[in-house]
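Structure assessment
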Amino acid sequence: MAIGGAVTTGRKVRWGLVDILVVAFALIPVLWIISLSFKTKDTLNDGSFWPQEWTLKNYADIFQTSEFLRALVNSIGIAVISTVIAVVLGTMAAYAIARLEFPGKQLLVGLSLLIAMFPQVSLVTPLFNIERNLGLFDTWAGLILPYITFALPLSIYTLSAFFREIPWELEKAAKMDGATPAQAFRKVIAPLAAPGVFTTAILVFIFCWNDFLFAISLTSTTASRTVPAALSFFTGSSQFEDPTGQVSAAAVVITIPIIIFVLFFQRRIVAGLTSGAVKG
Amino acid sequence: MSHRKGKPVLSEGKKAERRLGLWLCAPAFIVMIAVTGYPIVYSIWLSLQRYDLRFPAQQEFIGFANYGAVLTSSYWWTAFGTTMFLTVVSVAIEFVLGMALALIMHRTLVGRGLVRTVALIPYGIVTVVAAFSWYFAWTPDTGYLANSLASGGAPLTEQWPSLFIIILAEVWKTTPFMALLLMAGLALVPEDLLKAAAMDGASAWQRFTKVMLPVMKPAILVALLFRTLDAFRIFDNIYVLTNGAQDTGSVSMMTYDNLVKGLNLGIGSTMAVLIFITVAIIAFLFIKVFGTAAPGTDDGGKR
């Protein structure tokens with residue numbers, strides 16, 4: 001560390017080597033699944049890290065099966081709807097927690113904390129039966145409801161941390177300068193709050209996109225099975241085929257949105273995770 | 001909160017504020033209670049019954065017999081031991097690696113943005129995808145690791161190698177998350193304090209243990225608490241890597257198997273309740289024994 005020492009070339013090289021180690025550690029499993037997805041059937045089992053022959057056939061195959069396309073549509077739909085609802089409800093609650101005095105505030109904060117720590121599998125058994133009785137089992141709503149529930153603590157903590165940092169006095173100043181409350185909100189507060197809301201949406205989306213336990217316990221057909229669950233049941237385009245290449249291709253496809261988020265919004269994701277979790 | 005304290009408060013305004021606060025929180029509150037509260041009560045109720053969906057006619061209230069059956073089952077205790085082992089070992093490794101990664105991300109002189117971006121990728125990757133990557137890597141013939149390291153064996157068909165591969169997958173996936181939480185703690189360490197310690201002749205290690213760790217303690221405990229509870233619910237990795245074979249199943253897997261494969265709601269609920277109780281005990285120990293401040297309980301105090 002740079003305490004009491006000059007930044008020398010030697011130090012830079014040493015840090016550079018450490019950085020390369022970290023990057024390799026983080027990327028190797030990702031590169032490996034990408035590499036598998038481009039291998040031909042004959043070279044799939046050659047054990048080499050890079051494909052000896054490249055092919056796009058695995059991708060062509062999965063997009064020809066209705067199973068994968070259906071799961072992809074389910075994943076996108078369920079994750080987007082859950083994210084929108086969780087962020088809207090979370091924003092309302094977080095605004096109230098950060099800005100207003102009302103009874104039951106501590107109760108809500110405590111309840112969110114409890115749910116954040118809750119073992120999800122403990123809910124699977126009762127939800128399985130309740131949803132079967134209500135006709136929600138194996139539907140989009142049947143997954144959206146638990147996703148919202150577990151995403152809410154995340155969005156309430158992250159957003160209330162963001163909201164506390166907003167200089168709310170600006171709103172008052174704008175009103176003094178003659179703005180209506182609506183104008184003050186739209187021109188002053190909303191632009192300040194938007195990045196926090198957006199960051200929270202990304203974190204919630206990643207959470208919903210990632211879920212596996214609910215996805216395989218509360219679905220039974222392609223009607224609502226998401227890609228992570230579908231992957232684990234994937235048998236390839238015919239039963240007699242080794243699905244390794246196709247599983248890898250499907251895995252790469254569902255990884256793409258996350259990689260895009262990480263590349264473009266790295267700073268915001270870091271800010272969201274750290275402020276929500278520690279300053280919460 | 002405190003922003004409003006300076007203002008003279010009219011009781012009408014105060015009432016309106018309370019009403020607005022309640023209305024804004026009501027939807028979130030209702031969803032959380034409806035999806036967790038009722039099912040928890042229902043789960044406790046189910047756990048006191050013989051209730052197997054394959055034999056619905058035999059449903060009856062049997063008191064604590066399910067608890068007796070689960071708690072005397074060697075399968076349950078094997079799964080419990082496995083889960084505890086995986087939790088303790090992976091969180092310990094994650095903590096050490098996460099602290100190193102946090103220091104690297106915080107201090108590196110070159111490519112800080114690149115390191116921070118790339119280190120986030122494992123956090124974002126779907127756990128099942130990462131698990132498949134490790135699964136294929138350790139599959140004989142297919143995988144680069146199986147061929148180069150395991151010398152002809154099939155590590156995922158043996159208990160101990162499987163457990164270590166599960167830990168490897170878990171550590172890879174969650175170290176960045178741990179590192180980010182710790183980095184937030186590092187940001188709280190005053191630079192002046194480190195400089196002063198360096199002037200007084202403290203070595204790098206002494207600065208780390210005597211200055212940084214004490215200041216970071218709240219952040220460290222929150223990170224450990226959350227990761228421990230998260231690791232205890234391990235499911236995805238095991239499901240893909242071994243599907244619980246060779247005694248590598250966790251309590252979550254066992255509950256899932258009893259429920260979805262066995263359709264035994266009574267036993268499944270009993271396990272669910274036992275897991276819930278275990279998690280509550282772990283959280284209680286962290287908060288009482290280690291003095292973790294529960295996030296959110298000291299509203300505003302830390303600002």
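All residue numbers refer to position in the chain's written sequence, counted from 1. Chains and ligands are labelled sequentially in the order written, the chains with letters from A and the ligands with numbers from 1. A pLDDT threshold of at least 70 governs which residues receive local features in this predicted model, and a stricter bar of 80 or more applies before side-chain atom pairs are shown or counted, although totals over entire chains, interfaces and linings include all residues. Only hydrogens and water are set aside; all other atoms, that is, all heavy atoms of the structure, feed into the side-chain values.

**Describing the overall build of chain B**
Counting from the N terminus, the helices are the DSSP runs of H or I reaching at least four residues and the strands are the DSSP runs of E reaching at least two. Counting secondary structure elements, chain B contains 12 helices and 2 strands. Sequence-ordered secondary structure for chain B, helices as α and strands as β, is α-β-β-α-α-α-α-α-α-α-α-α-α-α. Radius of gyration means the value over C-alpha atoms here, while the globule rule gives 2.2 Å times the residue count to the 0.38 power. Scaling as 2.2 N^0.38, a compact globule of 303 residues should have a C-alpha radius of gyration of about 19 Å, whereas chain B reaches 24 Å, well beyond that. Seen through its C-alpha atoms, chain B measures out along the principal axes to roughly 70 × 70 × 30 Å. The 303 residues of chain B split such that 53% are buried. In chain B, of all internal contacts separated by at least 6 residues, the share reaching a separation of at least 24 is 69%. Calculation of accessible area relied on Shrake-Rupley with a 1.4 Å probe; when residues are assessed, cover is drawn exclusively from the protein chains displayed. Per element, the accessible surface of chain B, about 13400 Å² overall, is 68% carbon and sulfur. We treat Lys and Arg as the positive residues and Asp and Glu as the negative residues; His and chain ends play no part in the count. Just so you know, the charge point we use is NZ for Lys, CZ for Arg, CG for Asp and CD for Glu. Each charge sign in chain B was given a centre, from 23 positive and 17 negative side chains, and these centres are 13 Å apart. The buried label goes to any residue with under 20% of its type's maximum accessible area, the exposed label to any with over 50%, and the partly exposed label to all in between, with areas taken from a 1.4 Å probe on protein chains only. A contact between two residues is defined here by any heavy atoms of the two lying within 4.5 Å.

**Regarding the interface of chain A and chain B**
Taken together, the 104 residues of chain A in the interface contact 103 residues of chain B. When the two sides are added together, the surface that chain A and chain B hide from each other amounts to roughly 9500 Å², 77% of it contributed by carbon and sulfur. Basic side-chain nitrogens of Lys or Arg form a salt bridge, by our definition, when they fall within 4 Å of a carboxyl oxygen of Asp or Glu. Counting across the chain A and chain B interface gives 0 salt bridges. We call two N or O atoms a polar contact when they sit within 3.5 Å, provided that within protein one can donate a hydrogen and the other can accept it, with sequence-adjacent residues counted only if both atoms are side-chain atoms. Here chain A and chain B share 10 residue pairs in polar contact (both at pLDDT 80 or more) between them. Residues are sorted three ways: Asp, Glu, Lys and Arg are charged, Ala, Val, Leu, Ile, Met, Phe, Trp, Tyr, Cys and Pro are nonpolar, and all the rest, Gly among them, are polar. The class makeup of the residues in the side of chain A that touches chain B is 74 nonpolar, 20 polar and 10 charged. Computed with a 1.4 Å rolling probe, the buried area is the accessible surface lost when two parts are put together, summed over both parts.

**So, the nonpolar core**
Within the largest apolar cluster, 168 residues are counted, with the highest numbers of intra-cluster contacts made by Leu-231 of chain A together with Trp-76 of chain B. When residues of this core are assigned to their parent elements, the largest contribution, 14 residues, is made by helix α7 (residues 159-186) of chain B. Residues in contact with Trp-76 of chain B, not counting those within four places in the same chain, are Val-70, Leu-71, Val-251, Met-254, Met-271, Leu-274 and Ile-275 of chain B. Listed in part, the 11 residues of the second largest apolar core include Phe-163, Ile-166, Trp-168 and Ala-184 of chain A. Here, the term nonpolar core denotes a set of buried Ala, Val, Leu, Ile, Met, Phe, Trp, Tyr and Cys residues that are joined through side-chain atoms within 4.5 Å.

**With respect to the packing of aromatic side chains**
Residues and elements named next belong to chain A. Pairing of aromatic side chains here covers Phe, Tyr and the six-membered ring of Trp, requires ring centres within 6.5 Å, and sorts the geometry by plane angle: under 30 degrees stacked, over 60 edge-to-face, intermediate tilted. Evaluated as defined, the whole model comprises 38 aromatic pairs over all chains. On the basis of an interplanar angle of 85 degrees and a centroid distance of 5.5 Å, the ring pair of Phe-63 and Phe-68 is categorised as edge-to-face. Of the residues examined, Phe-63 reaches a relative accessible area of 37% and is grouped as partly exposed. Note on Phe-68: relative accessible area 3%, which makes it buried.

**Observations regarding the UniProt feature "transmembrane region" (unreviewed entry) in chain A**
UniProt positions are given in the numbering used here, feature names are shortened, and annotations may be inferred rather than shown by experiment. Using the residue numbers shown here, the UniProt feature "transmembrane region" (unreviewed entry) corresponds to residues 20-38, 76-98, 107-128, 140-163, 184-207 and 247-265 of chain A. Across residues 76-98 of chain A, helical content stands at 100% and strand content at 0%; the span's end C-alpha atoms are separated by 31 Å.

**Thoughts on the packing of helix α11 (residues 251-261) of chain B against helix α12 (residues 265-289) of chain B**
Residue and element names in this part refer to chain B. Interhelical geometry of α11 versus α12 gives an angle of 160 degrees and a closest axis separation of 8 Å. With respect to each other, α11 and α12 are oriented roughly antiparallel. Considering how the two elements wind past one another, α11 and α12 form a crossing that is left-handed. For the pair α11 and α12, contact is made by Val-251, Ser-252, Met-254, Thr-255, Asn-258 and Leu-259 and by Leu-265, Ile-267, Gly-268, Met-271, Ala-272 and Ile-275, respectively. In the contact of α11 with α12, the residues fall into 8 nonpolar, 4 polar and no charged. To get an axis, fit a line to the C-alpha atoms, keeping to the stretch in contact for a helix; angles then go from 0 to 180 degrees between the N-to-C directions. Angular relationships are summarised with four words: roughly parallel below 35 degrees, roughly antiparallel beyond 145, roughly perpendicular across 65 to 115, and oblique for the angles in between. Each crossing gets its handedness from the near helix: less than a right angle anticlockwise from the far helix is left-handed, clockwise is right-handed.

**As for the confidence of the model for chain B**
Do not read the fine detail of predicted coordinates wherever pLDDT is low. Here chain B shows a mean pLDDT of 86. Residues at 70 or above account for 91%. Confidence estimates for the predicted assembly give a pTM of 0.89 and an ipTM of 0.89. Each residue carries a pLDDT score, the predictor's confidence in it, ranging from 0 to 100.

**Topic: the pattern of salt bridges**
Residue and element names in this part refer to chain B. Inspection of the entire model under this criterion finds 12 salt bridges over all chains. Between Lys-15 and Glu-12 there is a salt bridge; the shortest N-O distance is 4.0 Å. Taken together, the residues Lys-15 and Glu-12, both in helix α1 (residues 11-47) and 3 residues apart, mark about one turn of the helix. Judged by relative accessible area, Lys-15 falls into the partly exposed class, the value being 47%. Three or more residues joined by partner-sharing salt bridges are found here, namely Glu-94, Glu-170, Arg-227, Asp-230 and Arg-233.

**Brief notes about the environment of Gly-142 of chain A**
Residue and element names in this part refer to chain A. By secondary structure assignment, the location of Gly-142 is in helix α6 (residues 140-165). Residue Gly-142 is classed as buried on the basis of its relative accessible area, which comes to 0%. Each residue touching Gly-142, except ones within four places of it in the same chain, is listed here: Glu-131, Leu-136 and Leu-218.

**Brief notes about unusual backbone geometry**
Leave glycine aside and you will find that most residues have negative phi; peptide bonds, for their part, are mostly trans. In the Ramachandran plot, Asp-138 of chain A falls in the positive-phi region, its phi being about 65 degrees despite a non-glycine side chain. As for its position among the elements, Asp-138 of chain A is in the loop between α5 (121-134) and α6. Since its relative accessible area comes to 13%, Asp-138 of chain A is described here as buried. A positive phi is found at Asp-247 of chain B, a non-glycine position, where the angle reads about 55 degrees. On the basis of relative accessible area, Asp-247 of chain B is assigned to the partly exposed category, the value being 43%.

**A word on the side chain of Thr-228 of chain B**
All names here are of chain B. One can find Thr-228 in helix α9 (residues 204-232). Overall, Thr-228 belongs to the buried group, its relative accessible area being 11%. The residues touching Thr-228, leaving out its near neighbours within four places in the chain, are Thr-87, Val-91, Ile-282 and Phe-286.

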